[in-house]
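# Chains, contacts and geometry: an overview
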Amino acid sequence: MLAALTIGVIYSARYRYSVRLNEPGVEAEPAGGRARKDLIINSLLLLSGRPGARRAGLTAHGCRRERARSSEVDDVVGDSRPHSIELRRRGRPLTVVACTSGIYEEVLAKARLLADSCEQAGAG
C-alpha cells in the first residue's frame, strides 16, 4: 500500500511532453517538472546497488526522447476525439502525438504538410 501511494505521489497523472514538429521530423520528450522527476528517479536507480534497478533506470533514461524522421513518415492519421495524431510508415504506427483541442487542427495540418513534402521529395 505504501509503495502504491509513493508511486502515485511521484508519478502523478500529469505527464507533460514537449513535441517539436519540423523538417527533420518529430521529436517528443518529457517537459517541466516531469523531466526533472524522471531524471532524479532514474539517477537514483542507476546509483542503487541492485542490478535489476540499475537496468530499469538505464532503460527508462534511454527512452526519454522519442524521434521519428520526416523521411520515414508516409501517412498521417488524425483522431479528433482524443485529439491524437498517428504518424505511420507502411501502415504501421511510428509515433502518436497527443494535442489539446485548441491546437489539434493546426498540428494535424502541419503533420500532413510535412508528410506530403517528404513524399514528393522522395518521388522526385
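Whatever comes next refers back to the structure up there.
Here's what I pulled together on the structure shown here. What you are looking at is a predicted structure, and each value in this text was computed from that prediction instead of being measured.

Time to look at the overall build of the chain. Of the regular secondary structure elements, the chain holds four helices and six strands. Listing each helix as α and each strand as β along the chain from the N terminus yields α-β-β-α-α-β-β-β-β-α. Scored against the burial criterion, the 124 residues of the chain give a buried share of 27%. Intrachain contacts of the chain at a sequence separation of at least 6 include 42% that bridge at least 24 residues.

Before going further, it helps to examine the side chain of Ser48. Within the element layout of this structure, Ser48 appears in the loop between helix H2 (33-47) and helix H3 (51-62). Polar side-chain contacts of Ser48 include one of 2.8 Å to the backbone oxygen of Leu45. If we skip the residues at most four places from it in the chain, Ser48 touches Ala53 and Arg54.

With that settled, consider a nonpolar patch on the surface. Residues Leu46, Leu47 and Leu58 make up a contiguous nonpolar surface patch of roughly 320 Å² in combined accessible area. Structurally, Leu58 is set in helix H3. Residue Leu58 is classed as exposed on the basis of its relative accessible area of 55%.

Quick look at the sheet that holds strand S4 (residues 75-79) now. Strand order in the open sheet formed by three strands is S4-S5-S6, with antiparallel pairing between adjacent strands. The open sheet is flanked by S4 and strand S6 (92-98), the only strands paired with a single partner. Direction aside, neighbouring strands of the sheet carry axes that sit 25° apart on average. With five bridges joining them, S4 and strand S5 (residues 84-89) adopt antiparallel strand pairing. Across the sheet, Asp79 pairs through a bridge with Ser84, a residue of S5.

Conventions we followed
Residues numbered from 1 in each chain as written. Predicted model: local features only at pLDDT ≥ 70, side-chain atom pairs only at ≥ 80, totals over all residues. Heavy atoms only, no water. Helix = DSSP H or I, 4+ residues; strand = E, 2+ residues; numbered from the N terminus. Buried < 20%, exposed > 50% of the residue type's maximum accessible area, 1.4 Å probe, protein only. Contact = heavy atoms within 4.5 Å. Polar contact = N/O pair within 3.5 Å; in protein donor to acceptor, adjacent residues only side chain to side chain. Patch = residues over 30% accessible without salt bridge, like charges linked within 9 Å, V, L, I, M, F, W, Y side chains within 5 Å. Areas by Shrake-Rupley, 256 points an atom, 1.4 Å probe, with all protein chains shown as cover. Salt bridge = Lys/Arg side-chain N within 4 Å of Asp/Glu carboxyl O. Pairing = 2+ DSSP bridges. Axes fitted to C-alpha atoms, helices over the stretch in contact; angles between N-to-C directions.

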